[in-house]
Every structure is written in C-alpha cells, then in structure tokens.
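These are the residues of each chain, in order.
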Amino acid sequence: MRPCACFFWIASTVGLAIAYLFGTMPTGYLAGKLLKGIDIREHGSKSTGATNVLRVLGKWPALVVLLLDVLKGAAAIVFARWFYPWFITLPLVTPSTPLDLQTWVPWAVCLAGIAVLLGHGRSIWLNFTGGKSAATGLGVLLALSWPVGVGAAAAFGAVLATSRIVSLSSMVAALTAIALICGLEQPLAYRLLVIAGSIYVIARHRANIQRLLAGTEPRLGQSSPESKT
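Described below are features of the structure shown in this document. (Residues numbered from 1 in each chain as written. Predicted model: local features only at pLDDT ≥ 70, side-chain atom pairs only at ≥ 80, totals over all residues. Heavy atoms only, no water.)

1. Things to note about the nonpolar core
Then step 1. Membership of the largest hydrophobic core comes to 35 residues, with the highest contact counts inside it found for Tyr84, Phe87, Trp104, Val109 and Leu144.
Then step 2. Considering each element in turn, this core owes the most residues, nine residues, to helix α5 (residues 98-121).
Then step 3. Look past the residues within four positions of Tyr84 in its chain and what remains in contact with it is Ser12, Gly15, Leu16, Trp104 and Ala108.
Then step 4. Core analysis: the second largest hydrophobic core is formed by nine residues, Ile40, Ala50, Leu57 and Ala62 among them. (Core = buried A, V, L, I, M, F, W, Y, C linked by side-chain atoms within 4.5 Å. Buried < 20%, exposed > 50% of the residue type's maximum accessible area, 1.4 Å probe, protein only. Helix = DSSP H or I, 4+ residues; strand = E, 2+ residues; numbered from the N terminus. Contact = heavy atoms within 4.5 Å.)

Right, here's the structure in full:
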C-alpha cells in the first residue's frame, strides 16, 4: 500500500474517532456529579439522558443536558463536513481521482453520524454505558438535513403533548425521520445514516417497549419502575 493511501485511511479513522469522542461527553453524568455529587446511573432509570436527569435533578438541569446532547450530535456532523473535504485536499492524502472524493465524503459523514450516536450510548468515560441517543440523534438530523430534524422534533412534541411518554415520543420521532429522509432528495449515504441511526435509537428503547406493551411505562412526572426496585 502506498504511503499516501496509508495516511488517507489513518486520517479517515481519526475523523471517526473525534466524532465518537463528541458523543462520549457524559453530560447527564456530569450534571449529577456537579449538582448533587451523585452518579445518576444509580438513580431513576439508571440512564444518563435528559429524561432521567429531569426525574432526578429537575427541569433546568434536564434542559441544559438536552441542549448539550443535541449540540454534540450536530457538532459531530458539522465537524465531519468540514474535516473530510479539508484533509482530502492535502497532497499526501488525495486519492487518485476526483470522483473518489465526491462519492467518499457523504459516506464519511454518514459514518461520523453513527460514531457520535455510539459514543453517546456507549461512552468510553462511563464504562461503555450512556443514554439512549435520542437527543444526540436529533442533533445529527438537524445538521444533516434541517427539514428532517424539524419534522422529527415536531413529531416528538406532538406525541409527548398527547401521551406524556418520552420513550414513545422518541421512537415516533425516529420513525418520522426515516419517512422524511426517504421522501426527500438526499444522498444515499444520508438516507442510510438516518435509517440506521433511527433503528439504533429504537433498539436502545427495548426495555421501554416492553413496559409500553405491559402498560407500565411512566409518564412525565412519574417515577420510573427501576427507581422503585
């Protein structure tokens, strides 16, 4: 393998690692430590997401955590869209043909989106635990295609207003994102990212799905079943 090709793939991997690290920032965990000196993973639903922060710490810490989680998802996509087009213009890393660049960048951004979602749900700083990636996924959507992000957020708000169940609202928003990205003119890589990311978010809600089917999923203002055990 030529040296320039080696450097190309090394730099590509570094970009993904940075996107992953964006996701690993443990905002909910830090809120618990800074505000009450607790490990939020030992309270409520044991999640580091904004919903559990709301239950354990209150609405203002939850709002801050929510915004930061959205921002880190958006930041990873913004970074990837800047980093990859920039570094492939360097003489040492430029592949052989311009067509390679045009087709490769969207896929690199797609992988960065998956990396930030994995980082949030499986943070290296929290022994590979974390939240359910819904808020971070919204940030990815807003940076990737703002109409899809706004549509998913609207679906989340509508379902939350009627059901007051955050997990159900998150999963409906994920399904809405899939429908919107498939209905809009977007690169195939972006469509696959939204589909894969939405499935990942829904899969992270497995326990919530079981409680929804059993009719025991808590609504906003109610304690989670885990907090009673």
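Moving on, there is more to tell.
2. Observations regarding the packing of aromatic side chains
Where two aromatic rings form a pair, the distance of their centres and the angle of their planes describe that pair.
Then step 1. Per the counting criterion, the structure on display carries eight aromatic pairs.
Then step 2. Aromatic side chains Phe79 and Phe83 sit 5.1 Å apart centroid to centroid with 15° between the ring planes, which places their arrangement in the stacked category. Taken together, the residues span about one helical turn, with Phe79 and Phe83 both in helix α4 (residues 59-87) at a distance of four residues. An identical accessibility class is assigned to Phe79 and Phe83; each is buried.
Then step 3. Arranged with centres 5.3 Å apart and planes meeting at 70°, the rings of Phe83 and Tyr84 form a pair that is edge-to-face.
Then step 4. For Phe83, a relative accessible area of 10% corresponds to the buried category.
Then step 5. Three or more aromatic residues link up through ring pairs in this structure, and these residues are Phe22, Phe79, Trp82, Phe83, Tyr84, Trp86 and Trp104. (Phe/Tyr/Trp six-rings, centres within 6.5 Å; stacked < 30°, edge-to-face > 60°.)

3. Some remarks on unusual backbone geometry
Then step 1. Positive phi is not limited to glycine here, since Asn127 has a value of about 55°.
Then step 2. The topology assignment puts Asn127 in the loop between α5 and α6 (134-144).
Then step 3. At Ser133, a residue that is not glycine, the phi angle is positive and equals roughly 75°.
Then step 4. As for its placement among the helices and strands, Ser133 is situated in the loop between α5 and α6.

4. Here's the deal with a nonpolar patch on the surface
Then step 1. A surface patch of nonpolar side chains, about 430 Å² in accessible area, is lined by Leu21, Ile124, Trp125 and Phe128.
Then step 2. On the accessibility criterion, Ile124 (41% relative accessible area) is partly exposed. (Patch = residues over 30% accessible without salt bridge, like charges linked within 9 Å, V, L, I, M, F, W, Y side chains within 5 Å. Areas by Shrake-Rupley, 256 points an atom, 1.4 Å probe, with all protein chains shown as cover. Salt bridge = Lys/Arg side-chain N within 4 Å of Asp/Glu carboxyl O.)

5. So, helix α9 (residues 188-203)
Then step 1. Between its first and last C-alpha, α9 extends 22 Å over 16 residues, near the 22 Å set by a 1.5 Å rise per residue.
Then step 2. Burial in α9 covers these residues: Ala189, Tyr190, Leu193, Val194, Gly197, Ser198, Tyr200, Val201 and Ile202. (Expected span 1.5 Å × (residues − 1).)

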